[in-house]
There are 2 protein chains.
Amino acid sequence: METEDAMNKPAPMLNRTRDQRLPQALVAHDLQQVESILSKTLAPYQAQLGPLLQHLQNYRGKRLRPTLLLLIAHACGRQTKAHLTLAAVIEMIHTATLVHDDVLDEADTRRHIRTINAGWGNQTSILLGDLLFTSAFHLSSTIGDARACEAIGAATNRVCAGEMTQSLNRGNLHLSEDEYFAIIEGKTASLLECGCRLGALYAGAEPDQIERLAGYGRDLGIAFQIADDVLDLEGSERTAGKTLGTDLAQRKLTLPLIYLLERVGPVEAKRFRDLLEQERVPTEEIREALRETGALEDARSRALAYAENARTALSDLPPSPHRDMLEAITGWAVRREE
Amino acid sequence: METEDAMNKPAPMLNRTRDQRLPQALVAHDLQQVESILSKTLAPYQAQLGPLLQHLQNYRGKRLRPTLLLLIAHACGRQTKAHLTLAAVIEMIHTATLVHDDVLDEADTRRHIRTINAGWGNQTSILLGDLLFTSAFHLSSTIGDARACEAIGAATNRVCAGEMTQSLNRGNLHLSEDEYFAIIEGKTASLLECGCRLGALYAGAEPDQIERLAGYGRDLGIAFQIADDVLDLEGSERTAGKTLGTDLAQRKLTLPLIYLLERVGPVEAKRFRDLLEQERVPTEEIREALRETGALEDARSRALAYAENARTALSDLPPSPHRDMLEAITGWAVRREE
């Protein structure tokens, strides 16, 4: 089966290639139009911000969010002009959050390229992020249906609230599992959920089907984020394509660490928290404990359970290559470390 | 005449009192409902951000933007529930820009109170500003009409673009008059224009009337900003209610300085630019030149001309206390230094 085959390839989701089995390839023509909408939306600022907008192209990732929205639209039987606009909106909001995240993290590089803040300073980065947010909202209004604005506004509220919760909990080594989930549901899952919801809504799906597919996006987003956090603590840098161990260095509690601290008893937990407070965190000792206590494996299982939930949410869709691809993505979401 | 009387009072626009002739007093009941919408919109974040949102109340100014929107609605004959929501939206966007402005300016105080960034750091300020932007956009969608989202999105794009132009021109002592107007039309006039447009639109005004009243807001905003810039260079701190001379200290070229540099000939202009580059800008020498060359007076006349244009735009409105107040505001906008 084509999708099974694709699932066994290493990290196919993360690369743009000509492979016909890649999710992006199934909606390649749509994605070209999304790119054109993105360019057109920012065209009024080219004269003034040309080099900045050119550099912003380096932030361009795998277009996961628009791809999902478009796959859902096709899987529901109808892809419209509204879908293209909304796919651009979702991607633009995602980019705005990346630009502001880099300011928050004082990051110098993203995808091996200098960040906007490193090149142009925080002032310009803050204003560029604002401009991307407002341009996305304005773009969403151009389809002439306030429901889209409502869904996007609500999701973006949740993204910002999630980011705020994360920011307020920096250095909190007592972060609870509930707090962790509140953060990732906000910062990661809510925009994917929104994209899938809009994909189904504008394809004319029934209300309960729309809710199920929104749930697909949410659960997929949660699975993705947990898998990302597991990968950061144990994976090899080759498959992840980025510097790992940053969560430990930043003393950021993610699910595997929360599990570890829950399991080892109060005395050991105190010792691990002390290790995390050290100027140079003893990464290897903590990684070993994560493996030995099963904390890492349990976090991975949790991601798998969310991915499985996401897959189940697709069961009412009629058979199609797009549905197959949406299923395959749930596998890749949690198997990127293979 | 009531409005003439009010115009002769010092800075009545800037204070909240029980005086029945104040603009806010005419729409006091509406404004209470706007406050309640603002509280309700941010209520979901109270548990987590309580002290921060409490502190944000200190950013609360004279509610000029919602007041204008509501006065226009009444002057057009009909104030609806949509107006209350949109008044809250406009105020929330204004607040978001203030929160981010304070980060950009590295400001420690606003209205004699510590800024959010001074108290909570830049990270929290950036995210709070983002949350206010997205909450405003979400709120605008709740009236169920994409036209409102479109107008607000377009205006906020212009606010951000104006701020960006200003930011990119920091320290540019060759700023042109056109660039100055591009900045103030964006950062100040566009949100006032949008509020007046929405006030008229949702009161059911005719398209040409809506455009005239949008023009009222735009011209009033330009007049306000020029008057503010004049005041910063020449006024007394008592009437302005804030620290003056900051534009000189920040080497920010505003209209009076642009006029001065245009008029004195290239050799003198170079000398003034050198003075502005000095570590301690010789404020008194520059102020004297601004007065002697008539640059200050000409900038003031320019503000008056915009205010007069704004007043003219009201001519088709039927007589009402609200219309009288909108007229009176055009006087106050440029006479705050009296």
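**Q** How do you make sense of the interface of chain A and chain B when you look at a structure like this?
**A** Interface extent is often summarised as the accessible area lost during association of the parts. Between chain A and chain B, the contact holds 33 residues from the first and 33 residues from the second. Among the elements that take part in the side of chain A that touches chain B, helix α8 (residues 146–168) of chain A stands out by supplying 13 residues, more than any other. Residue composition of the side of chain A that touches chain B, by class: 14 nonpolar, 15 polar and 4 charged.

**Q** Can you walk me through the nonpolar core in this structure?
**A** Most often, soluble globular proteins keep nonpolar side chains buried together rather than apart. A:L69, A:I72, A:A223, B:L69, B:I72 and B:A223 are the most contacted members of the largest nonpolar core, which totals 207 residues. When neighbours within four sequence positions are excluded, B:I72 is seen to be in contact with B:C196, B:G199, B:A200, B:L213 and B:L326.

**Q** What am I meant to see in the relation of the copies chain A and chain B here?
**A** In this arrangement, two copies of a chain are superimposed by a rotation about an axis accompanied by a shift along the axis. Take chain A, turn it by 180°, move it 0.0 Å along the axis, and it overlays chain B with an RMSD of 0.0 Å. Taken together, the rotation angle and the small translation identify this as a two-fold axis. The position closest to the rotation axis in chain A is occupied by the C-alpha of A:A146, lying 2.3 Å away. Interface residue correspondence from chain A to chain B reaches 100%, placing this contact among same-surface, isologous pairings.

**Q** Please clarify how the environment of A:E163 should be interpreted in this entry.
**A** Looking at the secondary structure, you find A:E163 in helix α8. Between the alpha carbons of A:E163 and A:I184 there is a distance of 8.6 Å; along the sequence they are 21 residues apart. Those residues in contact with A:E163, other than ones at most four positions away along the chain, are A:G186, A:K187 and B:L127.

**Q** Where do I start with the packing of helix α16 (residues 295–312) of chain A against helix α17 (residues 321–335) of chain A in this structure?
**A** Packed helix pairs are characterised by how far apart their axes lie and by the angle those axes make with each other. Residues and elements named next belong to chain A. For the pair α16 and α17, the least separation of the axes is 9 Å and the interaxial angle reads 175°. As the angle between them shows, α16 and α17 are arranged roughly antiparallel. The segment α16 lies against α17, with A303, L304, A307, A310 and R311 engaging E327, T330, A333 and V334. When its residues are assigned to classes, the contact of α16 with α17 shows 6 nonpolar, 1 polar and 2 charged.

**Q** What exactly am I supposed to notice about the confidence of the model for chain A here?
**A** Predicted coordinates in areas of low pLDDT are best not read in detail. All names here are of chain A. Put simply, chain A has an average pLDDT of 89, and 90% of its residues get 70 or more. The model gives residues 1–20 a pLDDT under 50, and that stretch makes 32 contacts with residues more than four places away or in other chains. Note that residues 237–241 has pLDDT below 50 and, in this model, 9 contacts with residues that lie over four places away or in other chains. Confidence estimates for the predicted assembly give a pTM of 0.90 and an ipTM of 0.90.

**Q** Whenever I open this one, the packing of helix α4 (residues 46–56) of chain A against helix α7 (residues 116–141) of chain A confuses me. Can you help?
**A** Residue and element names in this part refer to chain A. At their nearest, the axes of α4 and α7 sit 12 Å apart, and the two run at 105° to each other. Relative to α7, the element α4 lies roughly perpendicular. Each of L52, H55 and L56 in α4 lies in contact with α7, whose residues at this interface are I116, G119, W120, T124 and L128. For the contact of α4 with α7, a count of residues per class yields 5 nonpolar, 3 polar and no charged.

**Q** Sorry if this is basic, but what is going on with helix α6 (residues 81–104) of chain B here?
**A** Under the 1.5 Å per step criterion, the end-to-end length of α6(B) is 35 Å for 24 residues, consistent within 8% with the ideal 34 Å. Downstream of α6(B) by one or two residues, B:E106 has phi in the positive range, about 50°.

Conventions and cut-offs
- Residues numbered from 1 in each chain as written.
- Chains lettered and ligands numbered in written order.
- Predicted model: local features only at pLDDT ≥ 70, side-chain atom pairs only at ≥ 80, totals over all residues.
- Contact = placed C-beta atoms within 7 Å.
- Helix = DSSP H or I, 4+ residues; strand = E, 2+ residues; numbered from the N terminus.
- Nonpolar A, V, L, I, M, F, W, Y, C, P; charged D, E, K, R; others polar.
- Core = buried A, V, L, I, M, F, W, Y, C linked by C-beta atoms within 7 Å.
- Buried ≥ 20, exposed ≤ 12 C-beta atoms within 10 Å, placed from the backbone.
- Least-squares fit on C-alpha atoms with pLDDT ≥ 70 in both.
- Axes fitted to C-alpha atoms, helices over the stretch in contact; angles between N-to-C directions.
- Parallel < 35°, antiparallel > 145°, perpendicular 65-115°, else oblique.
- pLDDT = per-residue confidence, 0-100.
- Expected span 1.5 Å × (residues − 1).

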